[in-house]
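Geometric and topological summary
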Amino acid sequence: MAGGAIVNTAGAKDYPGKLTLFVFFTCVVAATGGLIFGYDIGISGGVTSMDPFLEKFFPEVFRKKQMADKNNQYCKYDNQLLQTFTSSLYLAALVASFFAATVTRVAGRKWSMFGGGLTFLVGAALNGAAKNVAMLIIGRILLGVGVGFANQSVPVYLSEMAPAKLRGMLNIGFQLMITIGILAAELINYGTNKIKAGYGWRISLALAAVPAGIITLGALFLPDTPNSLLERGHPEEARRMLRRIRGTDDIGEEYADISAASEEAKTVRHPWRNILQRRYRAQLTMAIAIPFFQQLTGINVIMFYAPVLFDTLGFKSDASLMSAVITGLVNVFATLVSVFTVDRLGRRKLFLQGGAQMIVCQVVVGTLIAVKFGTSGIGDIPKGYAAVVVVFICAYVAGFAWSWGPLGWLVPSEIFPLEIRPAGQSINVSVNMLFTFVIAQAFLTMLCHLKFGLFYFFAGWVVIMTVFIALFLPETKNVPIEEMVLVWKSHWFWGKFLGDEDTRHVQMAPSSNKTADA
Ligand code: BGC
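Residues numbered from 1 in each chain as written. Predicted model: local features only at pLDDT ≥ 70, side-chain atom pairs only at ≥ 80, totals over all residues. Heavy atoms only, no water.

Right, let's get into empty space enclosed by the protein. Considering all chains together, one arrives at nine cavities of 30 Å³ or more under this definition. What the largest cavity holds in volume is close to 180 Å³. Lining of the largest cavity is provided by 19 residues; of these, Tyr15, Pro163, Ala164, Arg246 and Glu254 occupy positions nearest its centre. Looking at the lining of the largest cavity, the elements with two or more residues in it are helix H7 (133–161) and helix H13 (252–266). By residue class, the composition of the lining of the largest cavity is eight nonpolar, four polar and seven charged. (1 Å grid on protein atoms, 1.4 Å probe; cavity = no way out; pocket = protein on both sides within 12 Å on 5 of 7 lines; lining within 4 Å. Points joined across faces, edges and corners; volume = space filled by probe spheres on them. Helix = DSSP H or I, 4+ residues; strand = E, 2+ residues; numbered from the N terminus. Nonpolar A, V, L, I, M, F, W, Y, C, P; charged D, E, K, R; others polar.)

Rendered as structure tokens:
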């Protein structure tokens, strides 16, 4: 076979080929699927702090808010129905991702993205036109279904399309789009909040149709991945696509490996039952732990409720703009750091550094708030003091944005063998959504009860997850996706769960001997 593969540190290969313009653009289009998720995260916090919105749908919260200056600052937004507005979407996304797994496997990644965009579009229309709480919540459920499908298909699509050496960078395009979506939503909220006639929230909610339109149309033009084409029985198309995306005819090695993976996948009838087998224990653990930990960083406390939080801290009418700056700009720019370093530094270094930074910042923020508000929740923060709080919140968001944010989607999308990839990704999405839901639902109540201790609570979790990564997550940078099993095989802990026969199909692929033969 021409060319040949180079064996890298994990014992896996590097294939010939380069980053083609074609693959770059397909990845950019697919990554826009992140926009709908991001737009949604960013929009809810702002809308739920708009007075006309509260007065129309949640009059009780509105009244309580009016009186809050005299009352406890920590508790003024504590309302179950209001939290349901934010969190219903994530519950819907959780359920949808199970169906999305089947669609991505049987119909391909592309149609899963298309379906997600379309459902989201309908949800946006319903929300913009909402006359009552029921319309609001049904709209949000449809948005959730859209997010479930997009988050199921986009990360996997990106990881399959990308050449191994640039997989981190291209996959993080998804997270970058999430952060751009959040920023856009927050800026839009800031603008619509100023509309005197009080219909600003409608514009905010209806504009979700824009990112939905982009991914729906975009998906129509996207090709499917070679891995998915082959798995669905189109070997010639798969070969042609692989040549096109790698920009070389020398695709023999990679094609053989995808083909071996696809043969292996065909023997698996029940991916859901299969994923429980001992040899997949490492991947299953990560599919559950990574999204769980990502949400337990507490990031969505800032993302959903930043305007509320800043209002609580006494920023008054500046709260929305402040939060747009915090959660928006810092989040986008810090994500770029990981785009450019993830394939060189690797996943582990980013996880460990980002984790350490978040721990320090959370402890500082918690302490600063404790000093001013104590446990009574009564107090006022002077401007200079508030600025220090903001700086540490920024540093916390930055730490998240180059570690758990992007890697929370990248790592689970690159560690599963083809036969259980959609099932694994679906577990990842649903665990992520479940805990996004839990945090969205519980935050305002937790703030009311744990007070400043909430920040210590999340800091404690970040300590646990950082130790977890240090011990249990092997480095996956530059390893071809269909060879990932070798990484687990050589890990001090997970290696015990794998026998020689479990890596047989990878090692038997042509010229995958352990010496470089480039
Ligand atoms: C997370 C979201 C979070 C966002 C912030 C994503 O990776 O899944 O829950 O709101 O990052 O940028």
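Turning to a nonpolar patch on the surface, a few remarks are in order. A cluster of nonpolar side chains, contributed by Leu19, Leu21, Phe24, Phe25 and Val28, occupies part of the molecular surface with about 440 Å² of accessible area. Along the chain, Phe24 turns up in helix H1 (residues 21–31). Since its relative accessible area comes to 33%, Phe24 is described here as partly exposed. (Patch = residues over 30% accessible without salt bridge, like charges linked within 9 Å, V, L, I, M, F, W, Y side chains within 5 Å. Areas by Shrake-Rupley, 256 points an atom, 1.4 Å probe, with all protein chains shown as cover. Salt bridge = Lys/Arg side-chain N within 4 Å of Asp/Glu carboxyl O. Buried < 20%, exposed > 50% of the residue type's maximum accessible area, 1.4 Å probe, protein only.)

Assignment of secondary structure puts Leu187 in helix H8 (residues 167–192). Put simply, Leu187 and Gly328 are 141 residues apart on the chain and 8.5 Å apart in space, counted from C-alpha to C-alpha.

It is worth spelling out the side chain of Thr503 at this point. Of note, Thr503 is situated in the loop between helix H23 (485–489) and helix H24 (504–507). For Thr503, a relative accessible area of 1% gives the class buried. Every residue in contact with Thr503, bar those within four places of it in the chain, is listed here: Val485, Leu486 and Lys489. (Contact = heavy atoms within 4.5 Å.)

Attention now moves to the site of the ligand. In the vicinity of the ligand lie 14 residues, with Gln175, Gln294, Gln295, Asn300 and Asn331 positioned nearest. Side-chain polar atom of Asn300 to an oxygen atom of the ligand: 2.5 Å apart, as the coordinates give it. Here the ligand loses 100% of its free accessible area of 310 Å² to cover by the protein chains. Counting only elements with at least two residues in the shell around the ligand, the list comes to helix H2 (33–47), H8, helix H15 (281–296), helix H16 (299–312) and helix H20 (404–414). (Near = heavy atom within 4 Å. Polar contact = N/O pair within 3.5 Å; in protein donor to acceptor, adjacent residues only side chain to side chain.)

On to the nonpolar core, then. Counting 145 residues, the largest nonpolar core has Phe53, Met286, Trp404, Met433 and Trp488 as the members making the most contacts within it. Examining the composition of this core, we find that twelve residues originate from one element, helix H21 (residues 421–450), more than from any other. Not counting residues up to four positions away in its chain, the partners in contact with Phe53 are Val47, Thr48, Phe58, Phe85, Leu136 and Trp201. (Core = buried A, V, L, I, M, F, W, Y, C linked by side-chain atoms within 4.5 Å.)

Below, the discussion takes up the confidence of the model for the chain. This prediction gives the chain a mean pLDDT of 87; 90% of its residues lie at or above 70. When mean pLDDT is taken per element in the chain, H15 scores highest with 97 and strand S1 (residues 6–7) scores lowest with 49. Confidence over residues 1–7 falls short of pLDDT 50; this stretch has 27 contacts with residues more than four positions distant or in other chains. Under a pLDDT of 50 for its full length, residues 508–518 has, in the predicted model, 23 contacts with residues more than four places off or in other chains. (pLDDT = per-residue confidence, 0-100.)

The terminal C-alpha atoms of H15 lie 22 Å apart, and with 16 residues this matches the ideal 22 Å at 1.5 Å per residue to within 8%. Here H15 lies mainly inside the structure; 13 of its 16 residues are buried. Looking one or two places after H15, you find Gly298, whose phi comes out positive at around 85°. (Expected span 1.5 Å × (residues − 1).)

Summarising the element assignment, Gln294 is placed in helix H15. Engagement of the side chain of Gln294 in a polar contact is seen with the side chain of Asn432, the distance being 2.8 Å. Aside from chain neighbours lying at most four places away, what touches Gln294 is Ile299, Phe400, Trp404, Gly405, Gly408, Trp409 and Asn432.

Turning our attention to the environment of Phe57. Note that Phe57 resides in helix H3 (residues 51–57). What makes Phe57 buried here is its relative accessible area of 5%. Between the alpha carbons of Phe57 and Leu82 there is a distance of 8.8 Å; along the sequence they are 25 residues apart. Apart from the residues within four sequence positions on either side, Phe57 is in contact with Ala130, Lys131, Asn132, Val133, Leu136 and Trp201.

When their charged atoms lie close together, side chains carrying opposite charge are able to pair. Scanning the model with the defined rule gives 14 salt bridges in all. With a closest N to O distance of 3.9 Å, Glu236 and Arg239 form a salt bridge. Separated by three residues within a single helix, Glu236 and Arg239 lie in helix H12 (residues 235–246), roughly one turn from each other. Residue Glu414 pairs with Arg347 through a salt bridge whose shortest N-O separation is 2.9 Å. Of this pair, Glu414 sits in helix H20 while Arg347 sits in helix H18 (residues 347–373), placing them 67 residues apart in sequence. Taking relative accessible area as the criterion, Glu414 reaches 0% and is therefore assigned buried. Each of Arg109, Glu160, Arg421 and Glu482 takes part in a single network of salt bridges with overlapping partners.

Even without being a glycine, Lys451 presents a positive backbone phi close to 55°. Within the secondary structure layout, Lys451 lies in the loop between H21 and helix H22 (453–472). The class for Lys451 is buried, based on a relative accessible area of 17%. One non-glycine residue, Asn478, lies in the positive phi region at around 65°. Relative to the helices and strands, Asn478 is located in the loop between H22 and H23. With relative accessibility at 21%, the residue Asn478 sits in the partly exposed group.

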